Protein chains: 2
Amino acid sequence: MNTTLMAQEAAQSPHVIAQQLKQNLPVCEQLVQKIKTFNPAMVYIIGRGSSDHAGVFAKYLIEVELGIPVSSSAPSVHSVFHKSLKLDKALVLVISQSGGSPDIISQAKAAKDSGALTIALVNTPNSPLSEVVDAELPLCAGEELAIAATKSYLSTLSAILQLVACWKQDQALLKALNQLPALLSIAIQEPNKLTREFIEELAHCVVLGRGFGYAVSREIALKLKEVCGIHAEAFSSAEFLHGPVTLVEKSLSVIDVSAFDESQDAHETIMTDINSRGSRTKEIGFTISGAHPRCVPLLVLQRFYLDIEQIARELGLDPDKPAGLKKVTKTL
Amino acid sequence: MNTTLMAQEAAQSPHVIAQQLKQNLPVCEQLVQKIKTFNPAMVYIIGRGSSDHAGVFAKYLIEVELGIPVSSSAPSVHSVFHKSLKLDKALVLVISQSGGSPDIISQAKAAKDSGALTIALVNTPNSPLSEVVDAELPLCAGEELAIAATKSYLSTLSAILQLVACWKQDQALLKALNQLPALLSIAIQEPNKLTREFIEELAHCVVLGRGFGYAVSREIALKLKEVCGIHAEAFSSAEFLHGPVTLVEKSLSVIDVSAFDESQDAHETIMTDINSRGSRTKEIGFTISGAHPRCVPLLVLQRFYLDIEQIARELGLDPDKPAGLKKVTKTL
C-alpha cells in the first residue's frame, strides 16, 4: 500500500541516511576543524517549519553534548524589523530543504556579514543558499516531492548527530550512527504505534515529550496538523504542568512521546500525574534493543511518519495533498 | 464587578508599574553600567510558564533594539541531563515571580558559576534566587494571589522595557515609559475586545501575532487555557503559513493580535490571506493615540486580562480557581 509519495519517501530514509553518513564523514571532519578554529561562544540556528523543529533537536543535542548555548532565530527581527544581529562569536547553522527561500538566504547573508561562521544544512545541491555561506553540510536526502517533509527531516537530524559526534569526538555516538540505518529499517517493520481509532474524530490534542522527545514532538504535532488536519500542540511535559495541564479537566487527548533517555524517569513521573487526571493518552514512543538514546527519537519519527500516512488514507484523506498547502512557502 | 483576585490584580497594573518605573530607574542605570563593562556576546533567559513568555518579549526587544542574540533556556539540559553550559560571554536574565523554584535557582547558580553576569527579575523581595545572582531588578508588582499571573507579567515586560531603554539610551522609549501607566489606565477603560460570544462553545483556537505581537500571543494563549479551559496555541503569523494554516480548511477560530508596529503590514497581509480561507477571526489588538509601538503589546494584554476574567465569570467559571492548578508548580 506504499503508493503515496509520503510513504515512499519516508521509507527511503534508511537508505538515504546510510549514504549521507558515509559521504559526509570527511565533510564533518573538515567542518569541525573550522568550528574549533573559530571557537564559537554560541550557536545560532536559522530555519522555518520542519527545519525550525530540526533546530530544536539541534539545540538539545549541542547544549547537552557540548555545553554550548544555542539560540533559534526569530526571522522577523531581520526581515520585518531590519535589524542585523552581532553574531561574530556565533556558529550559525542555516537549515533549509530547498536552500532557496529569500528570507532564509538574507538572514544567512546578514549573519556572515556580521562575522559569524555560517554552515548550511541544505538538501538541494548548488542552491542559492550555498553561495552565501562559509560551508555546507549536504543533507543528501534526494528529491522530496511530498508536501509533508519526512526523509529530509530525518536526514537533517542525522546530519546534526554526525556533526556533533565528530565535534565532540564521541566514539560511542559515531559507532551508533553506523547502526542507525539498520535500526530505522527495523522501525519500519515495527507494529503501528498510532492508530486510526485514536485519531478518528479528534479535533485537537497535545503531544508531550521531554528533552529530545519534546524536540521531535514539535515535528509530530506539525504532521498531525498537515496530514490529518488535527490541531495538535507540542509541549515539554514539564512545561505542560505549568498551566496547560488544566485542559485535561475537560478530557484531553494526549500523545506521549517517550524518548527512553536520561529524561525518562522525570517524563514518566509527569505522565503518570497527567494520566491520573483522566487524559486519553496514547504512548507512541518505543526503543529498539541496542539503540543509542540520541538515535531513539529518529526511530520514533520513522514509525510515526508511516503511521500517520496510513491513518490519513484510512480516513479518506490524501497525505500528498494537504488542503491549502504548497511545498515551498515564502514569507517575510 | 471587580470582585475576583484576578480582576483586582490586573487592574492594579498601572499603579504598580508607575511605582516600579520610578523606583527602578537608578537600579537600571547601575545594572547597565555592569552590563556594559561585562559586554555580553549574547543574552540567555531562564524562566518557566508566564516568565518564559516574558522571555519571548525580551528576545524580540533585545534583538530588535540592541542587536544582541538572545537564547531561551531549555530547563531539562541542566535539571535532567545535568549539563552546565558555557555562559561566560552571556548576560543571563532569570525571570521568576516567586524567586523560589529550586530548578530555576539551580540553573541560575550554574550560570553564575560558568562566568555569566546574572540578573534576576523577581517579584518577591529577599527570595532565595536573590542570594545566587549578581544583581536584581525587582518587579515591584506586590503580592499576587491569583493563580493566573497578570500584574506580575505586565510588570516583567515593563521592567525589561526600562532596562533595555536605559541600555540603549533610548530617550524616546524612556519618555514613552513615563506615559505607560496612564495608557494602561486608558486600556482598562477601553471597550472589551474579546467577548463571550466568541469564546463560548470554543474547544480550541489559534492566537496569531508577529514579532512583539507574537510574544504576547504566547501569554494570551496560556491564559485562554488556564482561565477558560480553551486549547489555544500561539503562532507567529508567518510561521502559521508554513503548515498549520491547513487547519483553517476545517473552519478554525483565530484570535488576531495586531501590535501596530513595524510588523503590521506583513502581519495584515498574512491575516488577509488566512481570513480569506474562511477562518472565524476576532481581532483583539488595538492601539491608543500617542502610544510608543513597544508599549502597545502591554496595552493589549491589559485589556485582554480583564476581558478573559469577565468572560470566565459569564461562563460560570471561577477565574481564581482554574481546575487542577496551583500558584507555584515545581518540576525538574
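Residues numbered from 1 in each chain as written. Chains lettered and ligands numbered in written order. Predicted model: local features only at pLDDT ≥ 70, side-chain atom pairs only at ≥ 80, totals over all residues. Heavy atoms only, no water.

## Quick look at the pairing of strand 8 (residues 253–256) of chain A
Residues and elements named next belong to chain A. By the alternation rule, side chains of strand 8 split into Ser253 and Ile255 and Val254 and Asp256, which are all buried. Taken together, the 3 bridges between strand 6 (residues 204–209) and strand 8 define a ladder with parallel strand orientation. From the neighbouring strand, Leu208 faces strand 8, where its bridge partner is Asp256. Handedness of the crossover joining strand 8 and strand 9 (residues 280–283) through helix 12 (residues 264–276): right-handed. (Buried < 20%, exposed > 50% of the residue type's maximum accessible area, 1.4 Å probe, protein only. Helix = DSSP H or I, 4+ residues; strand = E, 2+ residues; numbered from the N terminus. Pairing = 2+ DSSP bridges. Right-handed = clockwise from strand over helix to strand, strands pointing away.)

## Observations regarding the packing of aromatic side chains
Scanning all chains against the criterion turns up 12 aromatic pairs over all chains. Aromatic pair Phe81 of chain A and Phe212 of chain B: ring centres 5.4 Å apart, planes at 85 degrees, arrangement edge-to-face. One end of the pair, Phe81 of chain A, is in the loop between helix 4 (76–79) and strand 3 (90–96); the other, Phe212 of chain B, is in helix 10 (residues 212–228), on a second chain. Within the aromatic cluster, the residues linked to one another by ring pairs are Phe57, Tyr60, Phe212 and Tyr214 of chain A together with Phe81 of chain B. Positioned over the ring face of Phe286 of chain A is Lys193 of chain A, at 4.7 Å from the centre of the ring. It is Arg280 of chain B that lies over the ring of Phe198 of chain B; its NZ or CZ is 4.2 Å from the centre. (Phe/Tyr/Trp six-rings, centres within 6.5 Å; stacked < 30°, edge-to-face > 60°. Lys NZ or Arg CZ within 6 Å of the ring centre and 35° of its normal.)

## Points about the domain arrangement of chain A
All names here are of chain A. By the assigned domains, chain A splits into domain 1 (5–169) and domain 2 (188–314). Using only C-alpha atoms to locate each centre, domain 1 and domain 2 end up separated by 25 Å. Contact with domain 1, which involves 24 residues of that partner, is made by 21 residues of domain 2. Summing both sides of the interface, domain 1 and domain 2 together bury roughly 2000 Å²; the carbon and sulfur share of this comes to 75%. Interface area lost by domain 1 to domain 2 is led by Met6, His53 and Tyr60, which between them contribute 26%. Put simply, domain 1 and domain 2 have 2 salt bridges between them. Among the ionic pairs, Glu65 bridges to Arg294, the shortest N-O distance being 2.6 Å. Where domain 1 packs against domain 2, one counts 6 residue pairs in polar contact (both at pLDDT 80 or more). Looking at the side of domain 1 that touches domain 2, the elements that each hand over two or more residues are helix 1 (5–11), helix 2 (13–38), helix 3 (50–66) and helix 7 (151–168). (Domains from an automatic or database assignment. Contact = heavy atoms within 4.5 Å. Buried area = accessible area lost by both parts, 1.4 Å probe. Salt bridge = Lys/Arg side-chain N within 4 Å of Asp/Glu carboxyl O. Polar contact = N/O pair within 3.5 Å; in protein donor to acceptor, adjacent residues only side chain to side chain.)

## What to know about helix 8 (residues 171–189) of chain B
All names here are of chain B. Between its first and last C-alpha atoms helix 8 spans 28 Å; for 19 residues at 1.5 Å apiece the expected length is 27 Å, and the two agree. At Gln179, helix 8 shows its largest kink, close to 40 degrees, and the proline Pro181 lies no more than four residues downstream. Every buried residue of helix 8 is accounted for by Leu173, Leu174, Ala176, Leu177, Leu180, Pro181, Leu183, Leu184 and Ala187. Against the buried residues of helix 8 lie helix 2 (13–38), helix 7 (151–168) and helix 13 (296–314). If you check the start of helix 8, you find a side-chain oxygen 3.2 Å away from the backbone N of Ala172, and it comes from Asp170. (Expected span 1.5 Å × (residues − 1). Bend = angle between axes of the 7 residues up to and from the residue.)

## Considerations on the sheet that holds strand 4 (residues 117–122) of chain A
All names here are of chain A. If you walk across this open sheet you meet the 5 strands as 2-1-3-4-5, and the pairing is parallel. Strand pairing shows two members of the sheet lacking a second neighbour, strand 2 (70–72) and strand 5 (135–138), which therefore form its edges. On average, each strand axis in the sheet is tilted by 20 degrees relative to the strand beside it, whichever way the strands run. Summarising the sheet, strand 1 (residues 42–46) and strand 3 pair through 5 bridges and their orientation is parallel. (Axes fitted to C-alpha atoms, helices over the stretch in contact; angles between N-to-C directions.)

## A few points about the interface of chain A and chain B
Contacts between the two partners involve 72 residues from chain A and, on the opposite side, 72 residues from chain B. Ranking the residues of chain A by area buried against chain B places Phe81, His231 and His242 of chain A at the top, with a combined share of 12%. Applying the counting rule to chain A against chain B returns 4 salt bridges. Where Lys225 of chain B meets Glu233 of chain A, a salt bridge forms, and the shortest distance between an N and an O atom there is 3.5 Å. The interface formed by chain A and chain B holds 23 residue pairs in polar contact (both at pLDDT 80 or more) in total.

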